[in-house]
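As a plain string of letters, each chain reads:
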Amino acid sequence: MATKVNKIGVLTSGGDAPGMNAAIRAVVRTATYNGLEAFGIMRGFMGMIDDDIVPMPSRSVANIIQRGGTILKTARCKEFYEREGREKAYKNLKKLGIDGLVIIGGDGSFRGADLFSREFDIPCIGLPGTIDKDIAGTDFTIGFDTAVNTAVEAIDKIRDTADAHDRLFIIEVMGRDAGYIALHSGIATGAETVLIPERKTDVEEIVRSLQEKERRKKLVNIIVVAEGEDFGGGNEVAKFIAERMPNADTRVCILGHIQRGGSPSCLDRLIASRMGYSAVESLMIGRHNVMVGILNNRMYYTPLEKAVKAKQKLSDDWLKIIRILAS
Ligand code: F6P
């Protein structure tokens, strides 16, 4: 039996990701279309605790679908992981009559939403918004496509200069716990190798392979490193290689937060719109405490509790492909 939802609160939490605005827009517009009231909660769970919650009529989301960042702002909120913080948040929502929540964020945000939904009678729907793509139960996360294309564009530019100077470039991309940006951008730019947190880094093997390439006069090489790989990131890897291969002209480039900003790609806008629409639809039909994903082009719902635990599986084939294609 579906519970009637009248007022929906939407928030963005954790690291921002391009496409979050498109998701907010979809939630607000779908809610309004169905005669529900939408509220924007500022700075993630922080706004729930601080009572920083604003009404969002349909026009409040005009002209944002193409914008990066998040108009609701975002934060990582420690207080929400304390019972006291969540109680305060609940009281503020109740005061306004908010009876459904949409949380756009990564696994940390879902952990908070899962705790909250177990304790209080406000159903929560999670939308996967993270450039890291490290969430199971969905083929896509909002922001990944834009971020990885930003990385590809940057690496292509670096390759031009690497080629002009016969240089070895170590390029660090984002991904503290996940190697998807590194893996995808590495394959797409013809990297020699890709170092990711999910696999042990073998720097000796990298040096051996580069030395063999040096003998063959293959001097232009790109190595893509995820920031969280276990040797210590781009600078450390570059230092080690430069010491062992003094003749190589080695440079490092840390791409950093440029990967988080910018106008969302068509794909990110599209999945954000579909997910935002399904989030409201879910609340209306009484689905609760699930993450909305897309698997094989169909909407797919994973209990929040499972979504926080499971990680996307990374295939060894991809690393093999890189090795073979880079010879
Ligand atoms: O979760 C997304 C992410 O971009 C990670 O890849 C990165 O390690 C982290 O956020 C950086 O977070 P912050 O912007 O807080 O330094």
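For the structure itself, consult the block above.
So, a few notes on the structure that sits alongside this text. Because the structure is a prediction, the values reported are computed rather than measured.

Parameters and conventions
- Residues numbered from 1 in each chain as written.
- Predicted model: local features only at pLDDT ≥ 70, side-chain atom pairs only at ≥ 80, totals over all residues.
- Heavy atoms only, no water.
- Core = buried A, V, L, I, M, F, W, Y, C linked by side-chain atoms within 4.5 Å.
- Buried < 20%, exposed > 50% of the residue type's maximum accessible area, 1.4 Å probe, protein only.
- Helix = DSSP H or I, 4+ residues; strand = E, 2+ residues; numbered from the N terminus.
- Domains from an automatic or database assignment.
- Contact = heavy atoms within 4.5 Å.
- Pairing = 2+ DSSP bridges.
- Phe/Tyr/Trp six-rings, centres within 6.5 Å; stacked < 30°, edge-to-face > 60°.
- Lys NZ or Arg CZ within 6 Å of the ring centre and 35° of its normal.

## Regarding the nonpolar core
Right, so step 1: Counting residues in each nonpolar core, the largest one holds 61 residues, and the members touching the most others are Ile 8, Val 102, Leu 127 and Ile 181.
Right, so step 2: Looking at this core element by element, the count peaks at 8 residues for helix 5 (residues 144–165).
Right, so step 3: Split by domain, the residues of this core number at least three in each of domain 1 (7–143 + 264–307) and domain 2 (146–260).
Right, so step 4: Look past the residues within four positions of Val 102 in its chain and what remains in contact with it is Ile 8, Gly 9, Val 10, Leu 11, Val 27, Ile 125, Leu 127, Ala 279 and Leu 283.
Right, so step 5: Counting residues in each nonpolar core, the second largest holds 27 residues, with Phe 80, Ala 89, Tyr 90 and Cys 124 among its members.

## Focus on the environment of Tyr 180
Right, so step 1: With respect to the helices, strands and loops of the structure, Tyr 180 is situated in helix 6 (residues 180–188).
Right, so step 2: Along the sequence, Tyr 180 and Ala 226 sit 46 residues apart, while their C-alpha atoms lie 8.5 Å from each other.

## Remarks on the pairing of strand 11 (residues 298–303)
Right, so step 1: Note that strand 10 (residues 290–295) and strand 11 share 6 bridges and pair antiparallel. Note that in strand 11 the partner of Ile 294 across the bridge is Met 299.
Right, so step 2: Linkage of strand 10 to strand 11, two consecutive antiparallel strands, is achieved through a turn of 2 residues, within which Asn 296 is found at a positive phi near 50°.

## Details of the packing of aromatic side chains
What characterises a pair of aromatic rings is the spacing of the ring centres plus the angle enclosed by the ring planes.
Right, so step 1: Across all of its chains, the model carries 6 aromatic pairs by this definition.
Right, so step 2: Between Phe 80 and Phe 116, the ring centres sit 5.6 Å apart and the planes meet at 35°, which makes this aromatic pair tilted. Placement of the pair is Phe 80 in the loop between strand 3 (53–55) and helix 3 (83–96) and Phe 116 in helix 4 (residues 107–119), with a sequence separation of 36 residues. Pair check on accessibility: Phe 80 and Phe 116 agree, each one buried.
Right, so step 3: In this arrangement the basic side chain of Lys 133 is found over the ring face of Phe 144, its NZ or CZ atom lying 5.6 Å from the centre.
Right, so step 4: Seen from the ring of Tyr 301, Arg 287 lies directly overhead, with NZ or CZ sitting 3.8 Å from the centre.

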